[in-house]
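Below, each chain spelled out in residue letters.
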Amino acid sequence: MQEGFSLKVHPEGTLIWFTGIPASGKSSVAVVVEKALRERGLKVENLDADEIRAHLSPELKWSKEDRDLNTKRLAYIGKMLTRNGVFVIVAATSSYRYFRDRARSMVKNFCEVWVKCPLEVCQRRDPKGLYKRAKDGEVNDIAGLHQPYEEPLSPEVTLETDKETTQESAAKVMRKLEELGFIPPAVEAKEPVRAGGEEVYTRRDEAKIKARLRRLGYL
Amino acid sequence: MSGKGPFRTPARTGRVPRSRKVLVIGLDSAPPKLVFEDYLVSLPHIRRLVEGGLYGEIESTIPPITIPAWTSFVTSKSPGVLGFFGFRNRKDYSYDEIFIANSRSIKEDTLWDILSREGKKVGIIGVPQTYPPKPVNGFMITSFLTPDTESEYTYPPELKGEIEGLVGRYVLDVEDFRTEDKENLLHQIYDMTEKRFKVAGHFLKETEWDFFMMVEMGPDRIQHGFWKFTDPAHKKYSPGSKYENSIRDYYVFLDEKIGELLALAGDDSVVILVSDHGAKKMDGCININDWLVSEGYLVLRSKPQGLMRLEEAEVDWERTTAWGWGGYYGRIFLNVKGREKEGLVEPDNYEATQDEIAGRIRAIRDEAGRQIKSRVFKPQEVYHGRYVHRAPDLIVYFGDLHWRSTGEIGHASIHSFETEIGPDDAVHDEKGIFVLYDPRKNKKGRVDGLHLLDGAPTILSLMGIPILEDMEGKVIE
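Residues numbered from 1 in each chain as written. Chains lettered and ligands numbered in written order. Predicted model: local features only at pLDDT ≥ 70, side-chain atom pairs only at ≥ 80, totals over all residues.

Looking now at the nonpolar core. Across soluble globular proteins, nonpolar side chains show a tendency to be buried alongside one another. One finds B:L273 and B:V435 to be the most contacted residues of the largest nonpolar core, which totals 146 residues. Membership of the second largest hydrophobic core comes to 41 residues, among which are A:F87, A:V107, A:W114 and A:V157. (Core = buried A, V, L, I, M, F, W, Y, C linked by C-beta atoms within 7 Å. Buried ≥ 20, exposed ≤ 12 C-beta atoms within 10 Å, placed from the backbone.)

In structure tokens, the structure reads:
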């Protein structure tokens, strides 16, 4: 196929890196962003941190060195995929700034998403029972609780998942990707709404225009 | 949009130090042969512009259709950059979701966006793809792609009352185009044109403007409806009809109306006369989906009982390679594995499949077995830009556009000579007209190599406004 033309993807992918303490909502937002990117016809790979660990790094545990190595591997896979036009999503705690900065330096297009959520809220959510296990004394290496979590200094996007719905957070990420020029803007804009909630351009309106175009021989 | 990625908007180039008032009169579908040759002697006002300025044939977009053509003129962006390739476009990679491109689909700056930002006063009337209207520094009346006159078709909204006070019911478009009642059709076309020019004249006189652009759809409508009466080469021509001169008479009427606008525009204004594409006789229709069935590319679970739209037919998608859409040009979509839900074509085989189908299309002959010289374009070869992947997988000019394409399925043959929805005598042609009349300049004569993309840069340059660096056209001078 001719260079510069791609059937399903744009020339350069982007590494979208979600960082935040456990249970902050990284994976939930990532899944919605993944779907939104696919709907725009882009190639997407969501590198699930747990899955990558299980397949590529089963020997790694949770020490700083092991976390270091794991994020390095994730970033490397991201590099290989993005240069082939894939949008790569990583949702990983990645507690240290240099983990994230290293990933940033490895790819052309990088978008750091800080999934910000107060520790108390994360403890209440606790979908994997991690905080409960900490309370029971079974784990003592949770970032943000036992171990440091270095908050991003200038992430591309900051989400506040205790104040936003998952959809709202995902929309923020998509908007930023558009703004950065990493993805083309959606062709169909959100229909503006008049005061009073009535849409300016309704399905009925479009049906009328279609009928006219059909009569005119265009359809 | 600003940013650092590949889809950013680049910075602007230097300022041009002069400013003129520019009036653009758009005549949808006006063909060079009629305007510059056959009728010119009867069109005194247009002749004055042609003889006193630069003129020539202007190349339209691929495809040469109202959308995207006019928007290419006012943005200087080609379809792969704009993201629409006709009125109707695929919304996604499903088999049936479509959207009609409207003003909200335009993500690039139009002339009126740029000029409004620069503080210039604009007046826009009837330019396709302006509905829903957007705020401008001036006013805007939308085009025939407006649901009806109940809709808010003006900016500011109060303008509607002023228009209706002036002409009564404003006519966005002829309402009953597919009619054998030619008398009525003719009446509607004249009524529409009369009203549009009356409104244009009113605002030219009553408002302050730096840039004024109107598009009249009448030429397109009269050509589609009356070509067979006027062209001895048309299959359905029979001499001596009372409509033999209908198209010429209409252009004479248009010329008078244009003369009235020129008088109101002032002696020092630059005038541009332009069409978005041309027109020529229609030879027939190729029933694109019936052809795809006959070639084994489109597989149905059951034979259609009578004519139906493809959406109504039972397509066996798992075994289908390609399907098509009708219109003045043909569009073919491939059913690609991993892209369409029940895709069949292996992505590695994409281009080979394009080539194979294109080759077979070029071999299609007319009902008498004669060559019709169809042309087939691959999007990756004719488009560039961020939206190329949204284009149809093949764009087809059957019989060099003399044959249109029909999407309905269930015809007895691959040729038909009446459209399902009624008569149509003309098709589109790739070349439109362009005239640039600048009373301050002595440059006259025919110019070649013009493209619709040259519209926006030429106008910005005349008005002393910087041309956006990513505009694709050149300045005509």
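Having seen it, we continue.
For the rest of this paragraph, the subject is the sheet that holds strand β17 (residues 415-416) of chain B. Within the open sheet, the 3 strands sit side by side as β16-β11-β17 (chain B). Their pairing is mixed. Each edge of the sheet is formed by a strand with only one pairing partner; in this case those strands are β16 (403-406) and β17 of chain B. (Pairing = 2+ DSSP bridges. Helix = DSSP H or I, 4+ residues; strand = E, 2+ residues; numbered from the N terminus.)

All names here are of chain A. Strand order in the open sheet formed by 5 strands is β2-β3-β1-β4-β5, with parallel pairing between adjacent strands. Only two strands of the sheet have a single neighbouring strand rather than two, namely β2 (44-48) and β5 (157-160). The average angle at which neighbouring strand axes cross in this sheet is 20°, direction not considered. With 5 bridges joining them, strand β1 (residues 15-19) and strand β4 (residues 110-116) adopt parallel strand pairing. Its bridge partner lying in β4, W17 is registered against E112. On the sheet, helix α2 (residues 49-56) packs against β2 and β3 (87-91) and is oriented at approximately 75° with respect to β2. Lying on the sheet, helix α3 (residues 64-82) is in contact with β1, β2 and β3; it crosses β3 at an angle near 165°. (Axes fitted to C-alpha atoms, helices over the stretch in contact; angles between N-to-C directions. Contact = placed C-beta atoms within 7 Å.)

The next thing to look at is the confidence of the model for chain B. All names here are of chain B. Residue-level pLDDT values for chain B average 93, and 95% of them are 70 or greater. Below a pLDDT of 50 lies the segment residues 1-17, which in the model reaches 39 contacts outside its immediate sequence neighbourhood of four places, other chains included. Complex prediction metrics read pTM 0.73 and ipTM 0.84. (pLDDT = per-residue confidence, 0-100.)

This part takes up the environment of B:V336. Along the chain, B:V336 falls in the loop between β13 (330-334) and α11 (350-362). C-alpha of B:V336 to C-alpha of B:T320: the two residues are 16 residues apart in sequence and 9.7 Å apart in space.

Attention now moves to the packing of helix α2 (residues 44-52) of chain B against helix α9 (residues 246-265) of chain B. Think of two packed helices as two axes; the pair is described by the angle between the axes and how far apart they sit. Running from amino to carboxyl end, α2(B) crosses α9(B) at an angle of 60°, the nearest separation of the two axes being 7 Å. The segment α2(B) lies against α9(B), with B:P44, B:H45 and B:I46 engaging B:D255, B:I258, B:G259 and B:L262.

What follows is about the pairing of strand β19 (residues 431-437) of chain B. Put simply, side chains in a regular strand alternate between the two faces of the sheet. Residues and elements named next belong to chain B. Within β19, 6 of the 7 residues are buried, which leaves it mostly tucked inside the rest of the structure. One ladder, built from 6 bridges, connects strand β2 (residues 54-59) with β19; its direction is antiparallel. Opposite E59, over in β19, you have K431 as the bridge partner.

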